[in-house]
Amino acid sequence: HLIKRRLDYQQPDFSIRSTFLTFDLSPSKTVVTSCLHIKKENINATQLKLDGENLLLLSVSVNGRSLGEYEYQFDEYSLSLNIDEENVELEITTQIDPQSNTSLEGLYYTQSTYCTQCEAEGFRKISYYLDRPDVLSVFTVTIRSKCETDKFLLSNGNLVKRYQDGDTAIAVWHDPHPKPSYLFALVAGDFDLLTDSYSTLSGRQINLELYLEKGRLKQGQHALDSLKKAMRWDEETYGLEYDLAVYMVVAVDFFNMGAMENKGLNVFNSKFVLADPQTATDEDYFNIESIIAHEYFHNWTGNRVTCRDWFQLSLKEGLTVFRDQQFSADMSSYLSTRIAQVKVIREHQFVEDAGPMSHPIRPDEVMEMNNFYTVTVYDKGAEVIRMLHTLLTKEGFRKGMDLYFARHDGQAVTCDDFVDAMASANNVDLRHFQLWYSQSGTPLIKVRKVGSENKGKSTTFEFTQINAATPDQANKKPLFVPISTKFLDESGQEIKVSSLNNGNIIVDRDKVSVTVESENVTPVLLDNFSAPIIVEYDYAIDELLHIIQYADSSYAKWDASQGLFIKCIQTCYLEDFDSLTQRETKAVLAKYANVLKSNSIESDVLAQLLSVPSFEAARVGLESIDPIRFDAAIQAVQQAFADELGEYALLRCQDFIQSEYEYSTEQVNARAIYAAWLKLASLSEQGKNAALVTLRKRYANADNMSDKLNCLKVAQATNIAVFDELMLKFESEYTHDAVIMDKWFSLHATARRSDILSRLDLLKAHSQFNQRNPNKVRALLGSFAFYNLSGFHQKDGLGYKYVADYLLQLDKINPQVASRIITPLLQFKQYDASYKAHMKHQLERIFNSKELSKDLFEKTSKALA
Ligand code: DPP
Ligand code: ZN
C-alpha cells in the first residue's frame, strides 16, 4: 500500500473547466456518462491520469472520436491517456453497481434510495476523474430514471428543468459554483418534503427543503429551525450569507458519517435530523442543532474556500467545528458545551495522540484518507483555532476571517494560508504558534510552587513544558501555549497579577515562572481549557475544595471537582483499596458532599459536579493500566460518593417538577440534575429502595424520550434486574423504529454483566440489527468496544476476540466503519501485560488476515510496528 506524503504535493497538470454528468439510474447497472472539458495547465504534460475504482469502463472518446483500446491504459485505480491539444472534450462512459456497494462510498442504493458519499475519495467510484480537492469544476448533472418510486431526482445547485420523456423521468441540475468532486452529490428516491423559506440580511429569498422518510414530516421541524438559526448566526457573526436559491437536506438511514456538506445538497444520517419529544433526547436535540449548523457553516469554510489537498483537512474541519462550537454556546450554554468539548479532547483525543495513530492536526503521511477524519484533525484542530481566537480576541479573529475570504474565496488553499491571513490582518507574527499544525502529541505542563520569597510575602510558580516523543515524531519543540490562570487568596478573592497576558500565562519555552505578591495562593490553572494540554499540579484536596467554593468560573469549579475525583480514584487504585485509603477517601468525599449541599453551587454546573469521571479521563498520567482493577476503583469512589449523598439525593429528586417537554436550557438542566440525583440515590445504601420505586414510576410516567432514557441509564448503572425489566418494555414499544432502537442496542451493549458476549450474539440476531447499516454496528459493536469496560477487557481476552472476529467480517462489508471500531484495540501498549498480550494477539490476527482493507492495514501495521 502506498503512503502519500504532504510534502510531495504537486499542482495538477490539467484542469477540468466543466463537468457534464448523466446518470441512467438502475440499482445494479447504473450508467454514468461524463463529459469533461479538460485544459492542459502544464504545457509539458502529455499524459492525463484519472482516478477510478470499481468501474466498468464502456467507452472513451476525445473530441467526439471514440478511442480504440490501444489508445488508453487502465488498471484497478486509474485510466490514462495521452492528451496533445491544450483543450479537449473527453467523454467517458462507465457502469457501476450501486446495490452491491456496501462500503457506502461513491453511489449506493439502499432502502429504494440512491445516495452518494464522495468525501474524501468516493467520486472515483462513480466515474474516472481528477478526484482531488484542488481541481474545481462547474458541474451540470442530468439524472434519468425509469423507476416510478424515484419521485425526487436531486443534485447540487439549482434545478434547470424537470421533465418526462416517455417512461423516463429526467432532472437537470446546474451548480454555478466551481467545486471539487468530493462535494458532488446525487440523491434519488421518494420522500416527504418539508419546506420553508429564509430571507437573508441582504434580502434574498432562499428555499429550504428537507427530504425525510415518508411519514416523518413532523420530526423535521427542529432541524429546519436549527438551519434558520445557523443561517442568521453566520450572517451576524461573520457576515456570511448563503449563495444559492435553494438549500436541501436529505436524511438517510445508511450513512458512514454524521452528515456531509455537499454544495446545496447536504446528506445527513437520519439520526441527526429526526426529532420530536417522544423520540429524541436532549442530547439528540443538541446534536441535530450543532450538526445542521456545522454542515451549513461549511458552505463558506469548506466549500467556497476548500482544501488544496487532504493533508489540509483541518483547514475546513477544525475551523468549522470551532464555528459550530461558538454557535452552540450562543444557542444553549457556554459551560455545558465547553465541558462536553473538553471531555472529547481528554477522553478521546489525548488517547489517540498517545497511541500508534498519533498525528499532527495537519498530518504528514496518509495511507487511507478515511483514517484521518479524527478527533485530532477535528477537535484538536478546533482547539487550535480557539487559541487563535483567544490570542487575537474576537475582533481580531473576525478581521482575520474577513481577510481569509477576501484573499481565498473560490480557491483550494492550505492551513498556512489561513494562519497567514490571521497574522496579516492583525499584524502579528504567528510563526511559533504555527507549530501546533505540524507537531503531534499532547504537551504536558508541570506546575510547581518553587517557594516563597520576599519574607514569605510572594509566591513563585514554575511552569515546565514537556513534549514527549510520539511514534510519528521523535524530536519535539516547545509550543506556544496560553494557559488561562487565576490566583485565589485564602478568602477566595482573586489576586491580580500584572505579568499575565490577557489572563494567560504564555508558556512558550521549556520553563516560565510567575510570581504572585501573596502567600497562601491557590492557582486556578487552564481555566476554560485555554489550550489542548495536560496540566500537572499537585493540588491538596483543600485547594480543590477552595476552588469549587470560590472560583468565579463555573468551568474551573467543574475542573477542580474532576481533579478531586481523579485523586480519589487513582489513590484507591494505586494503594490497593487498603483500609486507610478507604477511610481517607470517605473523608474527602464527605467534605465535598458538604460543599455540594451548601447551596453555593449554581444550577448550571450542579449536574456536572455530581458526575464521577470516566475511565479515560480518570486514568490520566498512569501507564500499564489494569483496566478491571481501575474500573473497580472508579466503582468504589462512585459508591462512597453515593453513600455520602444518598438520602439528600433522594430528597432533591422530589424538587423536580414535570412539565410539558421543551428543548430549553432550563429544562435540559433540570432533567440532567434530576438524573444525577436519582443515580446517586439508587446507588446508595440508604436511598436505593426508595429510589428504585421512584425510578419505576418515573419511567412509567415519562412522556418524553429524555426522561425515559435517563431512567434506563440510571437502572443500567444501579440495578440490572430493573434495567432488564424496563428494557423489555422499551423494546416492545419501539421495536419498529430503527432510529430509536439504536439507543436500545447501545444500552444493552454497555451493560455490566458476565454473560455479555452471548447477549451480543442474541442482539446481532435481532430483527432490527443489520450489519450493513453503520448506525446499528456502531450502536452495538462500537458501544461495546469503546464503553463496556468490563465486557471488553475480560481477563481471558474473549472480549477482544469477540470484537476482532466481528471486525474481520465487517471489513469485507464496510472498511471505514470497521476501522473506527478497532480504535480501542490500538491502545494495547497502555495496558498491563496480560491484557496487552491478548489485545496484541487480536491485532496480529487482523493484520495477518487475507485481503485486509487499506483502512485496517494502516492502523494495525502502525499499532504493531
Ligand atoms: N461530513 C463530514 C463533516 O462535515 C466530512 N466533511 O465533518
Ligand atoms: Zn465538517
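It should be emphasised that the depicted structure is a prediction, and the values quoted were computed from it without experimental measurement.

Trainee: Which residues make up the overall build of the protein chain, and what values do they have?
Mentor: Each helix and strand counted, the protein chain has 26 helices and 31 strands in total. Here the C-alpha atoms of the protein chain give a radius of gyration of 28 Å, agreeing with the 29 Å that 2.2 N^0.38 yields for 865 residues. Expressed as lengths along the three principal axes of its C-alpha atoms, the size of the protein chain is roughly 90 × 65 × 60 Å. A burial count over the protein chain gives 49% of its 865 residues as buried. At a minimum sequence separation of 6, the contacts of the protein chain that also span at least 24 residues come to 70%.

Trainee: Pulling in residues and values, what's your account of the domain arrangement of the protein chain?
Mentor: What the domain assignment lists for the protein chain is domain 1 (1–189), domain 2 (450–547), domain 3 (555–734) and domain 4 (750–865). One C-alpha centre belongs to domain 2, the other to domain 3, and the line joining them spans 31 Å. Each partner contributes to the interface: domain 2 provides ten residues, whereas domain 3 provides 13 residues. Counting only elements with at least two residues in the side of domain 2 that touches domain 3, the list comes to strand 31 (534–536) and helix 8 (541–550).

Trainee: Break down the sheet that holds strand 4 (residues 47–51) for me, citing the residues and quoting the values.
Mentor: Ordered in space as 4-8-7, the three strands form an open sheet in which the pairing is antiparallel. Each edge of the sheet is formed by a strand with only one pairing partner; in this case those strands are strand 4 and strand 7 (72–74). The average angle at which neighbouring strand axes cross in this sheet is 15 degrees, direction not considered. Pairing geometry for strand 4 and strand 8 (residues 78–82), over five bridges, is antiparallel. Note that in strand 8 the partner of Lys49 across the bridge is Ser80.

Trainee: Explain the nonpolar core to me, using residue names and the numbers behind them.
Mentor: One recurring pattern in soluble globular proteins is that nonpolar side chains are buried together. Ranked by size, the top nonpolar core spans 249 residues in total, and within it Leu186, Val187, Val250, Val267, Ile569 and Val637 carry the most contacts. When neighbours within four sequence positions are excluded, Val187 is seen to be in contact with Tyr114, Cys115, Leu154, Val250, Leu265 and Val267.

Trainee: Account for the environment of Lys557, naming residues and giving values.
Mentor: Following the sequence through the fold, Lys557 ends up in helix 9 (residues 554–574). Expressed as a C-alpha distance, the spacing of Lys557 and Val524, which sit 33 residues apart in the sequence, is 9.3 Å. Setting aside anything within four residues of it in sequence, one finds Lys557 in contact with Ile547, Ile548, Ala551, Val605 and Leu609.

Trainee: Could you give me a rundown of the site of ligand 1, with the residues and numbers involved?
Mentor: Around ligand 1, the neighbouring residues are Glu119, Met257, Ala259, Met260, Glu261, His294, Glu295, His298 and Glu317. Going through the elements one at a time, strand 20 (259–260) and helix 2 (282–297) are the ones with two or more residues in the shell around ligand 1. Class assignment of the residues belonging to the shell around ligand 1 gives a composition of three nonpolar, two polar and four charged.

Trainee: Hey, could you go over the UniProt feature "domain: Aminopeptidase N-like N-terminal" (unreviewed entry) in the protein chain for me, with residue numbers and the actual values?
Mentor: The UniProt record annotates "domain: Aminopeptidase N-like N-terminal" (unreviewed entry) at residues 44–183. End C-alpha atoms of residues 44–183 are separated by 30 Å, and the span's content is 0% helix alongside 54% strand.

Trainee: Describe the UniProt feature "domain: Peptidase M1 alanyl aminopeptidase C-terminal" (unreviewed entry) in the protein chain, and please don't skip the residues or the numbers.
Mentor: Annotation from UniProt places "domain: Peptidase M1 alanyl aminopeptidase C-terminal" (unreviewed entry) at residues 542–865. Within the segment residues 542–865, helix and strand shares are 74% and 0% respectively, and the terminal C-alpha atoms sit 45 Å apart.

Trainee: An account of helix 17 (residues 720–734) is requested, with residue identities and associated values reported.
Mentor: Residues spaced three or four apart along an α-helix face the same direction, because each turn holds 3.6 residues. Between its first and last C-alpha, helix 17 extends 20 Å over 15 residues, near the 21 Å set by a 1.5 Å rise per residue. Looking only at helix 17, the buried set comprises Phe723, Leu726 and Phe730. An end-on view of helix 17 places all buried positions within 75 degrees of arc, on one side of the element. Summarising the geometry of helix 17, the exposed residues directed more than 90 degrees from the buried face are Ala721, Leu728 and Ser732.

Trainee: Would you mind going over the packing of helix 17 against helix 18 (residues 738–749) in detail, with residue names and values included?
Mentor: Following both chains from N to C, one finds helix 17 and helix 18 inclined at 155 degrees, their axes separated by 10 Å at the closest point. Comparing the axis directions of helix 17 and helix 18 gives the class roughly antiparallel. In the crossing of helix 17 with helix 18, the sense of the turn from one axis to the other is left-handed. Packed against helix 17, whose contacting residues are Met727, Phe730, Glu731 and Tyr734, the element helix 18 presents Ile740, Met741, Trp744, Leu747 and His748 at the interface.

Trainee: Give a detailed account of the sheet that holds strand 27 (residues 481–488), specifying residues and quantitative values.
Mentor: Pairing within the open sheet is antiparallel, and its three strands lie in the order 28-27-30. Single-partner strands in this sheet number two, and they are strand 28 (504–507) and strand 30 (522–525). Shown here is a sheet whose adjacent strand axes are inclined to one another by a mean of 40 degrees, direction ignored. In this sheet, strand 30 lies alongside strand 27 in antiparallel orientation, the contact comprising four bridges. The residue of strand 30 that forms the bridge with Lys486 is Val524. In the packing of helix 8 onto the sheet, the strands contacted are strand 27 and strand 30, and the crossing angle to strand 30 comes to about 70 degrees.

Trainee: How would you sum up the pairing of strand 8? Please name residues and give values.
Mentor: Here strand 8 shows a clear split, with Leu79 and Leu81 buried on one side and none of Ser78, Ser80 and Asn82 buried on the other. Following strand 7, the chain reverses through three residues before pairing antiparallel with strand 8.

Trainee: So, the environment of Tyr198: which residues are in play, and what are the values?
Mentor: Checked against the element boundaries, Tyr198 lands in strand 17 (residues 192–199). Residue Tyr198 is classed as partly exposed on the basis of its 16 C-beta neighbours within 10 Å. Those residues in contact with Tyr198 that sit more than four places away from it in its chain are Ile206, Leu208, Lys228 and Met231.

Each value, and the rule that gives it
Residues numbered from 1 in each chain as written. Chains lettered and ligands numbered in written order. Predicted model: local features only at pLDDT ≥ 70, side-chain atom pairs only at ≥ 80, totals over all residues. Helix = DSSP H or I, 4+ residues; strand = E, 2+ residues; numbered from the N terminus. Rg over C-alpha atoms; globule rule 2.2 N^0.38 Å. Buried ≥ 20, exposed ≤ 12 C-beta atoms within 10 Å, placed from the backbone. Contact = placed C-beta atoms within 7 Å. Domains from an automatic or database assignment. Pairing = 2+ DSSP bridges. Axes fitted to C-alpha atoms, helices over the stretch in contact; angles between N-to-C directions. Core = buried A, V, L, I, M, F, W, Y, C linked by C-beta atoms within 7 Å. Near = placed C-beta within 6 Å. Nonpolar A, V, L, I, M, F, W, Y, C, P; charged D, E, K, R; others polar. UniProt positions renumbered as here; feature names shortened; annotations may be inferred. Expected span 1.5 Å × (residues − 1). Arc of directions from axis to C-beta. Parallel < 35°, antiparallel > 145°, perpendicular 65-115°, else oblique. Left-handed = near helix turned anticlockwise from the far one by under 90°.

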